[in-house]
Amino acid sequence: MYLNLKDNKIFGYGLNVTKSKKNIDKPFVNKETNELIDYNVDNDCFLKPLLEYNNPKYILKIFGGSTSFCTEVNQEDAFFEKSLFKISALKNIHYKNYSIPGHDLLHDYHKLKNFAVTSYENSESIFIFNNGWNEEFIISAYPLSIKNQRPLNCIETNFIYQKNILLSNLCKNYYFAKIIKKFTNKRFAKLMNFYGTERWSNFINNNYINYWLKNLEKILKLIINKKAIIINNPGLAHLSDNSNTINYIIENSRLNKKYHLYQSLCLEINTIVNNNIATFFNLPIIDINSEFKKIDVNKRLDYFIDEIHLSRKGHEFASKIVEENIINLDLEKIKKIQKKDFNTLKSKTLRDIQFILNIANREIYKNYSLSEKIYSIPIDRYPSYKFK
């Protein structure tokens, strides 16, 4: 189970230096070839850059989850790798991707606290944050994660969706894992169902935003007087999609109407939060989503392998956006993060997303009044059980 990932006491888990071609977990299967993706693992259990480090002026450190990783594509095709490798000499930069599938800001906090702030000390650090999707996911699957101090390990994050060392250790045994699945999946299905009330209730209670900002505040305290860039990641479903567009997406993807609505609301919140963070701290933002939003729906599907992860074509398009933005950005003039009152940022953000919460609140009443219980959880994503 998860043979290409390995638990780590400091930051939850990372990449296994020894790669396995047996029972490959989905993020490591190339969508086009159905074989193990081509990627390199560094001694620190993160991706090894395809570029050699030669003490450049800047080191760009990337944090995020599967949308920042080479998920289902080869490393050389992933947009961060492709864009930063290409412009490294021009901008006098190196890059290090600390993203791992399933990781959220709590994992990132522990990376930064223990080593990532001071790594590559011969170059000036610029921190790149690509967040939103995994913060929503973990708080939906495990609402008590708002209280977490320890980052979840591999099985806790990807299999049982809760903090429980005992269960995660038992799951390493094939037979125990099969039994545990029956119980954890029942809880998971209730919390994650788009036609239930729990997921929408959790959404409107702002647990996802609170988790995001709580851990971001801790992170920014570690990098005061340092530079950062915010990434706004794209999504397949948009709140501005008309009925014809929604129907087309539903017919050609795993989304249904409730799923499309939920994803579009999350994408809208991600955009608001990321822009507010960038404005509040006077940081540059690379809004990849705004460019993807311009793509005609008939072509948009070609850029995604699901509702948030990019296809090779999508990575190619995103790499050009990142490349152009970094080229046009004067890295010397990026303003350094200053200590500010996070409550001000939080209050503004909650005001700005209120209209989204009102839409979500109506879904609770609609689902509550359903005469027949419906469970809508895509089996190819939720949860990621593999027993072969």
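Residues numbered from 1 in each chain as written. Predicted model: local features only at pLDDT ≥ 70, side-chain atom pairs only at ≥ 80, totals over all residues. Heavy atoms only, no water.

I'd like to hear about empty space enclosed by the protein, residue by residue, with values.
Under the counting rule described, the total for this entry stands at 2 cavities of 30 Å³ or more. Along the wall of the largest cavity there are 15 residues; nearest its centre are Gly65, Thr67, Asn130, Trp133 and Asn134. In terms of residue count, the dominant contributor to the lining of the largest cavity is helix α3 (residues 133-141) (3 residues). Classifying every residue of the lining of the largest cavity gives 2 nonpolar, 10 polar and 3 charged. (1 Å grid on protein atoms, 1.4 Å probe; cavity = no way out; pocket = protein on both sides within 12 Å on 5 of 7 lines; lining within 4 Å. Points joined across faces, edges and corners; volume = space filled by probe spheres on them. Helix = DSSP H or I, 4+ residues; strand = E, 2+ residues; numbered from the N terminus. Nonpolar A, V, L, I, M, F, W, Y, C, P; charged D, E, K, R; others polar.)

Summarise unusual backbone geometry; cite the residues concerned and give the values.
One can expect most non-glycine residues to show negative phi and most peptide bonds to be in trans. One non-glycine residue, cysteine 45, adopts positive backbone phi at about 75 degrees. Secondary-structure assignment places cysteine 45 in the loop between β2 (12-15) and β3 (58-63). Residues other than glycine seldom take positive phi values, yet asparagine 282 does so here, at roughly 55 degrees. Here asparagine 282 lies in the loop between α10 (257-280) and β7 (285-287).

Mind laying out helix α9 (residues 243-251), listing which residues take part and the relevant values?
Since the α-helix packs 3.6 residues into each turn, any two residues three or four apart lie on the same face. Of the positions making up α9, those classed as buried are Thr245, Ile246 and Ile249. Projection of α9 onto a plane perpendicular to its axis shows the buried side chains occupying an angular sector of 100 degrees, all on one side. Summarising the geometry of α9, the exposed residues directed more than 90 degrees from the buried face are Ser243, Asn244 and Glu251. Looking at the buried residues of α9, the elements they touch are α10 and α12 (297-300). The N-cap of α9, judged by a side-chain oxygen 3.1 Å from the amide nitrogen of asparagine 244 a few residues on, is asparagine 242. (Buried < 20%, exposed > 50% of the residue type's maximum accessible area, 1.4 Å probe, protein only. Arc of directions from axis to C-beta. Contact = heavy atoms within 4.5 Å. Polar contact = N/O pair within 3.5 Å; in protein donor to acceptor, adjacent residues only side chain to side chain.)

Outline the side chain of asparagine 289, listing residues and values.
Among the structural elements, asparagine 289 can be located in helix α11 (residues 288-292). By relative accessible area, which is 5% here, asparagine 289 ends up buried. When sequence neighbours within four positions are dropped, the list of residues in contact with asparagine 289 reads Asn232, Asn233, Pro234, Gly235, His238, Leu267 and Thr271.

Report on the sheet that holds β3, specifying residues and quantitative values.
Read across the sheet, 5 strands follow the order β4-β3-β5-β6-β7 without closing on themselves; strand pairing throughout is parallel. Two strands bound the open sheet, and with one partner strand each, they are β4 (93-97) and β7. Averaged over all adjacent pairs, the angle separating strand axes in this sheet is 20 degrees, with direction ignored. Here β3 pairs with β4 via 5 bridges, running parallel. Note on β4: the bridge partner recorded for tyrosine 58 is isoleucine 93. In the packing of helix α2 (residues 105-116) onto the sheet, the strands contacted are β3 and β5 (124-130), and the crossing angle to β3 comes to about 150 degrees. (Pairing = 2+ DSSP bridges. Axes fitted to C-alpha atoms, helices over the stretch in contact; angles between N-to-C directions.)

Summarise the nonpolar core; cite the residues concerned and give the values.
In terms of nonpolar packing, the biggest core is built from 114 residues, with Leu84 and Phe203 touching the most fellow members. If one sorts the elements of this core by residue count, α10 sits on top with 12 residues. Those residues within four positions of phenylalanine 203 in sequence are excluded, and the remaining contacts are Tyr208, Tyr262, Leu265, Cys266, Ile269, Ile356, Leu357 and Ala360. In this structure, Phe137, Ala141, Leu191 and Met192 belong to the second largest nonpolar core, which totals 6 residues. (Core = buried A, V, L, I, M, F, W, Y, C linked by side-chain atoms within 4.5 Å.)

Give a detailed account of the side chain of serine 88, specifying residues and quantitative values.
For serine 88, the location among the structural elements is in helix α1 (residues 79-91). If near-sequence neighbours (up to four positions away) are discounted, serine 88 is found in contact with Leu51 and Ile93.

Please set out helix α14 (residues 342-352) residue by residue, giving values where relevant.
Every buried residue of α14 is accounted for by Phe342, Leu345 and Thr349. Taken end-on, α14 shows its buried residues confined to a sector of 60 degrees, consistent with a single buried face. Summarising the geometry of α14, the exposed residues directed more than 90 degrees from the buried face are Asn343 and Arg351. The inward-facing, buried residues of α14 contact α8 (207-222) and α10. The opening residue of α14 is aspartate 341, an N-cap whose side-chain oxygen sits 3.0 Å from the backbone nitrogen of asparagine 343.

Geometric values such as these leave the question of function open.
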